[in-house]
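Here is how the chains run, residue by residue.
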Amino acid sequence: MESEDAPLNLHASCVALDETSGLLITGPSGCGKSTLALTLMGFGAHLVADDRTELRRDGDALIACAPKTISGMVEARGVGLLSATPLSHARIRAVVDLSQSEPNRLPPARETALIGVSIPMLFKVEGPGFAPALIQWLKGGRCV
């Protein structure tokens, strides 16, 4: 894996189903990035990084990994730092922006760009169906 650009270090968490299906979780401190990551891990996702995520561009792909100092750790508010076997890296397939709430039942397709790569972007949805929907999004994408 050769990087084309210097890494971008973000205040973000990342989980993935495998090395080709990563989900980057962004938002301000205290908004629930680690909580969503833990919930997705409960549905079968693997930890890539919590709290800080390094992104590198590889062709038309964004590759995420954890800084070595925090690899394999995820914060559970009120419980502490938990150990998790991390994936070493994952290709980012979507970004979830927890700073914005989704007002639409069927939202329009949105994108954001990171290091010059366009990535689908989803907004936060309140309710118990959000995490399972994100897992299914990673498995099969969106129909339209």
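Thresholds, definitions, all that
- Residues numbered from 1 in each chain as written.
- Predicted model: local features only at pLDDT ≥ 70, side-chain atom pairs only at ≥ 80, totals over all residues.
- Heavy atoms only, no water.
- Buried < 20%, exposed > 50% of the residue type's maximum accessible area, 1.4 Å probe, protein only.
- Helix = DSSP H or I, 4+ residues; strand = E, 2+ residues; numbered from the N terminus.
- Arc of directions from axis to C-beta.
- Contact = heavy atoms within 4.5 Å.
- Core = buried A, V, L, I, M, F, W, Y, C linked by side-chain atoms within 4.5 Å.
- Salt bridge = Lys/Arg side-chain N within 4 Å of Asp/Glu carboxyl O.
- Pairing = 2+ DSSP bridges.
- Polar contact = N/O pair within 3.5 Å; in protein donor to acceptor, adjacent residues only side chain to side chain.
- Disulfide = S-S within 2.5 Å.

Per an unreviewed UniProt entry, the chain is named Serine kinase, and its organism is Celeribacter ethanolicus.

**Q** So what's going on with helix α1 (residues 33-42)? Which residues, and what values?
**A** Among the residues making up α1, those that are buried are K33, S34, L36, A37 and L40. When α1 is viewed along its axis, its buried side chains cluster within an angular range of 160° and face the same direction. Tucked inside the fold, the buried residues of α1 contact β2 (12-16), β3 (22-26), β7 (73-76), β9 (90-101) and α2 (130-140). G44 lies just past α1 and shows a positive phi near 110°.

**Q** Account for the nonpolar core, naming residues and giving values.
**A** In this structure, L23, L36, L40, V96 and L134 are the most contacted members of the largest nonpolar core, which totals 17 residues. Sorting the residues of this core by element identifies β3, α1, β9 and α2 as the ones contributing at least two each. The element that contributes the greatest number of residues to this core is α2, accounting for six residues. Discounting chain neighbours no more than four positions away, the residues touching V96 are L23, L24, I25, T26, L36, L122, F130 and L134. Residues L55, L62, V95 and I119 belong to the second largest nonpolar core, which totals 16 residues.

**Q** A description of unusual backbone geometry should follow, citing residues and the corresponding values.
**A** Backbone geometry places D51, a non-glycine residue, at a positive phi of 80°. Within the secondary structure, D51 is located in the loop between β4 (46-49) and β5 (53-58). One non-glycine residue, I115, adopts positive backbone phi at about 50°. Structurally, the position occupied by I115 is in the loop between β10 (111-114) and β11 (117-124).

**Q** I'd love a proper account of the pattern of salt bridges, names of residues and values included.
**A** Tallying each qualifying case throughout the model produces four salt bridges. Among the salt bridges present, the one from E54 reaches R56, with a minimum N-O distance of 3.6 Å. A salt bridge links E102 to R110; the nearest nitrogen and oxygen atoms lie 2.5 Å apart. Grouping residues by exposure puts E102 and R110 together as buried.

**Q** Account for the pairing of strand β8 (residues 80-83), naming residues and giving values.
**A** Remark: a regular strand shows side chains that alternate across the two faces of the sheet. With four bridges connecting them, β7 and β8 associate as antiparallel partners. The residue of β8 that forms the bridge with A76 is G80. Between β7 and β8, which pair antiparallel in sequence order, lie three residues; one of them, G78, sits at a positive phi of approximately 85°.

**Q** Give a detailed account of the side chain of S21, specifying residues and quantitative values.
**A** Relative to the helices and strands, S21 resides in the loop between β2 and β3. Excluding anything up to four places from it in sequence, S21 contacts V15, A16, R91, R93 and L138.

**Q** A description of the side chain of T53 should follow, citing residues and the corresponding values.
**A** With respect to the secondary-structure elements, T53 resides in strand β5. At 2.8 Å, the side chain of T53 and the backbone oxygen of A12 are in polar contact. Not counting chain neighbours up to four residues away, the residues in contact with T53 comprise L8, N9, L10, A12, S13, C14, L24, A64 and C65.

**Q** Can you explain the state of the cysteines? Please cite residues and give values.
**A** Going through the model one piece at a time under the given rule, you end up with zero disulfides. There is no disulfide at C31, and the cysteine sulfur nearest it, in C14, is 15 Å away. With no disulfide of its own, C65 lies closest to C14 among cysteine sulfurs, the gap being 9.3 Å. C65 gets classed as buried once you look at its relative accessible area, which sits at 15%.

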